[in-house]
Structures are given as structure tokens and as C-alpha cells.
Amino acid sequence: SPAATVVVVALSVVCSVLLLWPQHGRALNWDEADYVNAARKGVITNLWERGSLSVPQYLRFGYDKIRHRDPHLPAGYDEATDPFHLRHGHSPAVVAAMAPFAGSNSERVERIVQLLGAVALTVALVVAYRLVSPTWTWPGLLAIVVVGPWYGWHMFRTVQFHGWSTVWLALAVAFLCRWLTGGRERSWGLALCAMLAALILTLES
């Protein structure tokens, strides 16, 4: 029922926040510091890879490394400020979302996108469950209450990209199931493509 859904989402969100809040007050670790520094460069710099090597330059760099040669780099290139390097090769979506908060001196504010990710994960699990399961069951809803905060604690307590990729993946699987079982309706196919695109923009390079 809608009331049960609201209760499950609210309970899962409260548990996620209670678990993550103490973790989000800790100092940034090495990877997180790089991600925040990338976010401080802004949305446009990350989306357009300003200051990064172009694809031909990157391939030439890799070829030089394979051949054990001194890599040929363009004039003025600085690896320490390369947004692609600061993101450790990940796609720009999460870092771009962090950009408005990256200038804060509060670790909790800098990690706010991860807290929102934990909430989004719970919502994605509920939506996926509703789309795949023919009926609501309390065991199914209680599983979300357990899985949502548990996985959220593992994937969203630090700044990383895998938690958000799980949000899109959960929805992609649900949309795929509906597309395959619902006569391959165009709307479900488009929704599936959108989630796969979000997955690529979040994690893959």
C-alpha cells in the first residue's frame, strides 16, 4: 500500500542518515581529497575535461609508457590539476554534482551528495521492487529496510562512485524486466537506455 511504502522509505532513510552522519564528519581520505579538488574546478571543467589530455594525446602517452619511453606531453600540461586524473579515471557526473558544495570547509557538506545517494538508493530499491514484484509483501519491504541502509553505509560513507552506479543499475534491471515482460514497450526501453547512460556517466571512463 502507499502508506507502507512511505513508512519503508522513511525508516530506511532515517537509518541511513543515522549510520552515515558520524562517518561524514571525518577528515577526507586520499581519494576523497582528489575528488573534492576535482569538484572545486567546477562543472564545465569536468564535463569538458579542460586541462586533461585529449584522446589522441592520452593514447600517445599510453603508447610511450608501453614502449618505456619518456612520455610526450603537451606544453603546459600539469598532471596534478588534470580533472580526469583527479577523478582517478571515473566519469564526471558525481564530481559535477559535488561542485556546488566542494568549496565548503565542512566534510559533511562536501559529502552531502553521498548522503543524497543513500536516500536515492532506497527510493530506487522501492521503485524496482514495485516494478518487478506483482504484489507488495512485508518481507520484501523489510528487506529494503535492511539492504538500503546496510549497502548505503558501505557505498556512501566516503566520496566514491560505486554507490550512485548501484542506484542506476537497480533501476536499469527493473526497467529491463518490464521491457522484456511488457511487450517491449518503447517507454520502458527508453527508460532502460537513460539508466544505462546515467551508469556510464557516473562510473565508466
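Provided above is the structure to which this section pertains.
As a starting point, this report considers the structure included with it.

So, about the packing of aromatic side chains. Enumeration over the complete set of coordinates arrives at seven aromatic pairs. Plain terms: the ring middles of Tyr58 and Phe84 are 6.0 Å apart, the flat faces sit at 85° to each other, and that makes the pair edge-to-face. Separated by 26 residues along the polypeptide, Tyr58 in helix H4 (residues 55-66) and Phe84 in helix H5 (residues 83-86) bring together distant segments of the chain. Ring geometry for Phe156 and Trp164: centres 6.4 Å apart, planes at 90°, overall edge-to-face. Exposure remark for Phe156: the relative accessible area of 0% places this residue in the buried category. The exposure class assigned to Trp164 is buried, which follows from its relative accessible area of 14%. If you follow Arg157 out to its NZ or CZ, it ends over the ring of Trp153, 4.1 Å from the centre. One Lys or Arg, Arg184, reaches over the ring of Trp179 and ends 4.9 Å from the middle of that ring.

All right, on to the packing of helix H8 (residues 112-132) against helix H10 (residues 162-181) then. Contact geometry of H8 with H10 gives a least axis separation of 8 Å together with a crossing angle of 15°. With respect to H10, the element H8 is oriented roughly parallel. With respect to the hand of their crossing, H8 and H10 are arranged in left-handed fashion. For the pair H8 and H10, contact is made by Val113, Gln114, Leu116, Gly117, Ala120, Leu121, Ala124, Val127, Ala128, Leu131 and Val132 and by Trp164, Thr166, Val167, Ala170, Leu171, Ala174, Phe175, Cys177 and Arg178, respectively. Across the contact of H8 with H10, the residue classes break down as 16 nonpolar, three polar and one charged.

As a further point, take H4. An α-helix turns once per 3.6 residues; consequently, residues spaced three or four apart project the same way. Its 12 residues place the ends of H4 16 Å apart at the C-alpha level, agreeing with the 16 Å of an ideal helix rising 1.5 Å per residue. In the segment just after H4, His68 is the residue with positive phi, at about 60°.

Its 23 residues give helix H1 (residues 2-24) an end-to-end C-alpha distance of 32 Å, which sits within 8% of 33 Å, the value for a rise of 1.5 Å per residue. Residues of H1 that are buried include every one of Ala4, Thr5, Val8, Ser12, Val13, Ser16, Leu20, Gln23 and His24, and no others.

The next subject is the nonpolar core. With 32 residues, the main nonpolar core has Met98, Phe156, Phe161, Trp164, Val167 and Phe175 as its most contacted residues. The biggest single contributor to this core is H8, with seven residues. When sequence neighbours within four positions are dropped, the list of residues in contact with Phe156 reads Leu20, His24, Gln114, Gly117, Ala118, Leu121, Gly163, Trp164 and Val167. Core analysis: the second largest hydrophobic core is formed by seven residues, Tyr129, Leu141, Ile144 and Val145 among them.

Moving on to the pattern of salt bridges. Inspection of every chain in the model, using the stated rule, returns three salt bridges. Close ionic contact of Arg40 with Glu110 constitutes a salt bridge, the shortest N to O distance being 3.0 Å. Separated by 70 residues along the polypeptide, Arg40 in the loop between helix H2 (30-39) and helix H3 (43-47) and Glu110 in helix H7 (residues 107-110) bring together distant segments of the chain.

Rules behind the numbers
- Residues numbered from 1 in each chain as written.
- Predicted model: local features only at pLDDT ≥ 70, side-chain atom pairs only at ≥ 80, totals over all residues.
- Heavy atoms only, no water.
- Phe/Tyr/Trp six-rings, centres within 6.5 Å; stacked < 30°, edge-to-face > 60°.
- Helix = DSSP H or I, 4+ residues; strand = E, 2+ residues; numbered from the N terminus.
- Buried < 20%, exposed > 50% of the residue type's maximum accessible area, 1.4 Å probe, protein only.
- Lys NZ or Arg CZ within 6 Å of the ring centre and 35° of its normal.
- Axes fitted to C-alpha atoms, helices over the stretch in contact; angles between N-to-C directions.
- Parallel < 35°, antiparallel > 145°, perpendicular 65-115°, else oblique.
- Left-handed = near helix turned anticlockwise from the far one by under 90°.
- Contact = heavy atoms within 4.5 Å.
- Nonpolar A, V, L, I, M, F, W, Y, C, P; charged D, E, K, R; others polar.
- Expected span 1.5 Å × (residues − 1).
- Core = buried A, V, L, I, M, F, W, Y, C linked by side-chain atoms within 4.5 Å.
- Salt bridge = Lys/Arg side-chain N within 4 Å of Asp/Glu carboxyl O.

As far as function goes, none of this settles anything; it's purely spatial.
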